[in-house]
Amino acid sequence: MNSWNANLYDDKQHFVSNFGKELIELLNPQAGEKILDLGCGTGDLANDIFQFGSEIVGVDSSQEMIQQARSKYPFISFLIQDGETFITHDKYDAVFSNAAIHWMKQTSKVVENISHAIKPGGRFVAEFGGKYNVETIIKGISSVLYGEFGIDASSRNPWYFPSVGEYTTVLEEHGFKVRYAQYYDRPTLLVDQEKGLNHWLDSFATDFFVGFNEEQQLHLYRLINEKIKPQLFHQGSWVADYKRIRIIAEK
Ligand code: BEZ
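Predicted model only: the values in this text are computed from it and were never measured.

Parameters at a glance
Residues numbered from 1 in each chain as written. Predicted model: local features only at pLDDT ≥ 70, side-chain atom pairs only at ≥ 80, totals over all residues. Heavy atoms only, no water. Helix = DSSP H or I, 4+ residues; strand = E, 2+ residues; numbered from the N terminus. Rg over C-alpha atoms; globule rule 2.2 N^0.38 Å. Buried < 20%, exposed > 50% of the residue type's maximum accessible area, 1.4 Å probe, protein only. Contact = heavy atoms within 4.5 Å. Areas by Shrake-Rupley, 256 points an atom, 1.4 Å probe, with all protein chains shown as cover. Near = heavy atom within 4 Å. Polar contact = N/O pair within 3.5 Å; in protein donor to acceptor, adjacent residues only side chain to side chain. Nonpolar A, V, L, I, M, F, W, Y, C, P; charged D, E, K, R; others polar. Salt bridge = Lys/Arg side-chain N within 4 Å of Asp/Glu carboxyl O.

K.L.:
Just to check I follow, could you spell out the overall build of the protein chain for this structure?
P.N.:
Scanning the protein chain from N- to C-terminus turns up nine helices and eight strands. For 251 residues, the compact-globule estimate of 2.2 N^0.38 gives 18 Å, and the C-alpha radius of gyration of the protein chain, at 18 Å, lies within 12% of that figure. Seen through its C-alpha atoms, the protein chain measures out along the principal axes to roughly 50 × 40 × 35 Å. By the burial criterion, 55% of the 251 residues in the protein chain qualify as buried. Taking contacts inside the protein chain between residues at least 6 apart in sequence as the whole, the part at least 24 apart equals 76%. For the protein chain, the accessible area works out to roughly 11,500 Å², and carbon and sulfur atoms hold 50% of it.

As structure tokens, then:
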């Protein structure tokens, strides 16, 4: 499980909630609607949805993220819940999820839980990493971990990046009508020039480096930087090779 640093996330990875604002347009929240934000992180998008007059509940599996969300937005209800195991007795008009589904590998279970949380006729609106997302970074990590320590990085990979076909099939198996599905490239600028990739690894890729001491980790980071710089470092900044899926599905 990724070890989240909520301050680093808010400070260096603000693009996550900035991009999420476009997803709120797809959600089109209405005043008085009950909406669940699945994988709410530090709560910025839940707060944006709250501003529409919706009744929003944010859930996230990270205690640190939820603590930060509660302190930033004390007027919103935030709960520590995991997408794979969450149970809600409340029914929602919509479940919204930005940049979180790719951390939940038990797809069928997660979709079942989402379906359970939505009223008949309600909607699931989500964006997450799609097939080949951050492929260059994954290849760089894999090659360096294998080359230096003989470790198969796939055994540590915490992410699930499906194709549109795979994901919409699971939604349909659970009775959803898929109204909209989009797969697109979203090259993503990582802040802090030269240090951008290291901040990204510190924020999102900690599972790959479990068990290494600080010196070993710095050595691995340096080799990964060298390996993928030709592909992802342009004009003084790192640009990650994000590939996204956007979904609107109706129950
Ligand atoms: C993403 O938003 O696509 C993503 C974030 C962190 C790690 C991997 C992917």
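K.L.:
So what exactly am I meant to see when it comes to the site of the ligand here?
P.N.:
In the vicinity of the ligand, the contacting residues are A99, H102, W103, N133, W159, F161, W200, F204, Y242 and R244. The separation between an oxygen atom of the ligand and a polar side-chain atom of R244 is 2.3 Å. Compared with its free state, where it exposes 260 Å², the ligand has 97% of that area covered by protein. Of all the secondary structure elements, the ones that give two or more residues to the shell around the ligand are α8 (196-204) and β8 (237-250). Considering only residue class, the shell around the ligand consists of seven nonpolar, two polar and one charged.

K.L.:
Honestly, the pattern of salt bridges in this entry has me stumped. Any pointers?
P.N.:
In a structure, side chains of opposite charge can pair up when their charged atoms sit close to one another. For the structure on display, the rule yields 14 salt bridges. In this structure, the salt-bridge partner of D93 is K119, at a minimum N-O distance of 3.0 Å. Taken as a pair, D93 in strand β4 (residues 92-98) and K119 in strand β5 (residues 118-129) lie far apart in primary sequence, 26 residues in all. Residue classification places D93 among the buried positions, given a relative accessible area of 18%. A salt bridge links R246 to E127; its shortest N-O distance comes to 2.5 Å. In this pair, R246 is assigned in strand β8 and E127 in strand β5, connecting sequence segments 119 residues apart. When salt bridges that share partners are traced, they join E22, E127, R186, R244 and R246 into one network.

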